[in-house]
Amino acid sequence: MTLALAPTDRPYLPRGVRLVADRVRGGLVLLAPEKAVALDAVGEAILSRVDGQTSLAALVDQLAAAYDAPRAEIEKDVRAFLQGLRARMFLMVSP
């Protein structure tokens, strides 16, 4: 399996992985069995749009529009973030 994401891939959180509000520190935490990842604002912005229906290209378009940032830079950062999560089995994709 390659970790690379195609523009048409639709990322999703696999069974057992979910976003949860951190009531103590605020923000969101990515929870998986026996694992937790505290998210920064960038991670929250990306993962809040991951729904299994939205393609990578559409997700990047949404973020570029929301933050008025260059699409190429957003895409590079989103790909790196999602590939890192995929490598740790926090994220899956469907074509």
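Residues numbered from 1 in each chain as written. Predicted model: local features only at pLDDT ≥ 70, side-chain atom pairs only at ≥ 80, totals over all residues. Heavy atoms only, no water.

## Observations concerning the overall build of the chain
Part 1 of the reasoning: Each helix and strand counted, the chain has three helices and five strands in total.
Part 2 of the reasoning: Reading the helices (α) and strands (β) of the chain from amino to carboxyl end gives β-β-β-β-α-α-α-β.
Part 3 of the reasoning: For 95 residues, the compact-globule formula gives about 12 Å, and the C-alpha radius of gyration of the chain, at 13 Å, lands near that figure.
Part 4 of the reasoning: The principal-axis extent of the C-alpha atoms belonging to the chain is close to 35 × 30 × 20 Å.
Part 5 of the reasoning: For the chain, buried positions account for 36% of its 95 residues. (Helix = DSSP H or I, 4+ residues; strand = E, 2+ residues; numbered from the N terminus. Rg over C-alpha atoms; globule rule 2.2 N^0.38 Å. Buried < 20%, exposed > 50% of the residue type's maximum accessible area, 1.4 Å probe, protein only.)

## Considering the nonpolar core
Part 1 of the reasoning: One finds Leu30, Leu47, Leu63, Val78, Leu82 and Phe90 to be the most contacted residues of the largest nonpolar core, which totals 22 residues.
Part 2 of the reasoning: Looking at this core, the elements that each hand over two or more residues are strand S3 (28–32), helix H1 (41–47), helix H2 (56–67) and helix H3 (71–87).
Part 3 of the reasoning: Broken down by element, this core gets its largest block of residues, five residues, from H2.
Part 4 of the reasoning: With residues near it in sequence (within four places) discarded, Leu30 still touches Leu13, Val17, Arg18, Leu19, Lys35, Ala36, Val37, Leu39, Leu47, Leu85 and Phe90. (Core = buried A, V, L, I, M, F, W, Y, C linked by side-chain atoms within 4.5 Å. Contact = heavy atoms within 4.5 Å.)

## Quick notes on the pattern of salt bridges
Part 1 of the reasoning: Evaluated as defined, the whole model comprises four salt bridges.
Part 2 of the reasoning: Its salt-bridge partner being Asp61, residue Arg71 comes within 2.5 Å of it at the nearest N-O pair. Pair noted here: Arg71 is in helix H3 and Asp61 is in helix H2, with a separation of 10 residues, a long-range link.
Part 3 of the reasoning: Arg71 sits in the partly exposed class, given a relative accessible area of 32%. (Salt bridge = Lys/Arg side-chain N within 4 Å of Asp/Glu carboxyl O.)

## Here's the deal with the sheet that holds strand S4 (residues 35–38)
Part 1 of the reasoning: A sheet is described by the order of its strands in space; here three strands give the open sequence S2-S3-S4, paired in antiparallel fashion. Edge positions in the sheet fall to strand S2 (18–21) and S4, since each has one partner strand and no second. Pairs of neighbouring strands in the sheet enclose a mean axial angle of 30°, with direction left out of account. (Pairing = 2+ DSSP bridges. Axes fitted to C-alpha atoms, helices over the stretch in contact; angles between N-to-C directions.)

## Regarding the pairing of S4
Part 1 of the reasoning: Relative to S4, S3 is paired through four bridges, and the arrangement is antiparallel. Its bridge partner lying in S4, Val29 is registered against Ala38.
Part 2 of the reasoning: Between S3 and S4, which follow one another and run antiparallel, lie two residues, and Glu34 among them has a positive phi close to 60°.

## Points about the packing of aromatic side chains
Part 1 of the reasoning: Inspection of the entire model under this criterion finds zero aromatic pairs.
Part 2 of the reasoning: Lying over the aromatic face of Phe90, Lys35 brings its terminal NZ or CZ to 5.5 Å of the ring centre. (Phe/Tyr/Trp six-rings, centres within 6.5 Å; stacked < 30°, edge-to-face > 60°. Lys NZ or Arg CZ within 6 Å of the ring centre and 35° of its normal.)

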